[in-house]
Amino acid sequence: MSTEETEEFNDVDEPESAEPGTATIQPARTWPQYNVDRARAELIAMEMLLRGASHFRVRQTTKLSSRNVRRLAQLLAEEAMDPPAPRNVCRRPVHSGGQPYQRKTGEADAESPAEPEQLALLPE
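Residues numbered from 1 in each chain as written. Predicted model: local features only at pLDDT ≥ 70, side-chain atom pairs only at ≥ 80, totals over all residues. Heavy atoms only, no water.

Peer 1: Give a detailed account of the pattern of salt bridges, specifying residues and quantitative values.
Peer 2: Taken as a whole and judged by the stated rule, the model has 4 salt bridges. Between Glu42 and Arg71 there is a salt bridge, with its nearest N and O atoms 3.0 Å apart. With a gap of 29 residues between them, Glu42 in helix H2 (residues 36-50) and Arg71 in helix H4 (residues 66-81) connect regions that are remote in the sequence. When salt bridges with common partners are traced through the structure, they connect Arg38, Glu42 and Arg71 into a single cluster. (Salt bridge = Lys/Arg side-chain N within 4 Å of Asp/Glu carboxyl O. Helix = DSSP H or I, 4+ residues; strand = E, 2+ residues; numbered from the N terminus.)

See the structure below:
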């Protein structure tokens, strides 16, 4: 083989857009594949259990096994016994000292006068 043939062979192995020293990053493991129909059936089953439907009716409607229906019922019972504390995510966080956080700007304090000006109303 001549050097021209080996250069052509090497060009075929590497893509033209690849730069030397670059590597493709692969995930450590594959993304989990969720069964959408199964997830939808479990959500429907949980809603039915919350509304007081019997296990038999839930199994017939959702086509889940009795084991899965019992598992979901147990999860809902545990959640009812120890509900999570409600969190207000829209509220500003309270910092140490119990005082809410207030932005302090040195420029705004320097420009604001000690007393607000009184506007006089002029008669027309």
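Peer 1: Before we move on, can you summarise the packing of H2 against helix H3 (residues 55-62) with the specific residues and values?
Peer 2: Relative orientation of the contacting elements H2 and H3 amounts to 155°, with a least axis distance of 10 Å. When the interaxial angle is binned, H2 and H3 end up roughly antiparallel. For H2 against H3, the interelement crossing comes out right-handed. Residue-level contacts link Ala41, Ile44, Ala45, Met48 and Leu49 of H2 to His55, Arg57, Val58, Thr61 and Thr62 of H3. Residues belonging to the contact of H2 with H3 are distributed by class as follows: 6 nonpolar, 3 polar and 1 charged. (Axes fitted to C-alpha atoms, helices over the stretch in contact; angles between N-to-C directions. Parallel < 35°, antiparallel > 145°, perpendicular 65-115°, else oblique. Left-handed = near helix turned anticlockwise from the far one by under 90°. Contact = heavy atoms within 4.5 Å. Nonpolar A, V, L, I, M, F, W, Y, C, P; charged D, E, K, R; others polar.)

Peer 1: Can you lay out the nonpolar core for me, pointing to particular residues and giving the numbers?
Peer 2: Core analysis: the largest hydrophobic core is formed by 10 residues, namely Ala41, Ala45, Met48, Leu49, Val58, Leu64, Val69, Leu72, Ala73 and Leu76. Elements with a contribution of two residues or more to this core: H2 and H4. Leave out the neighbours within four places in its chain, and Ala41 touches Thr62 and Leu64. (Core = buried A, V, L, I, M, F, W, Y, C linked by side-chain atoms within 4.5 Å. Buried < 20%, exposed > 50% of the residue type's maximum accessible area, 1.4 Å probe, protein only.)

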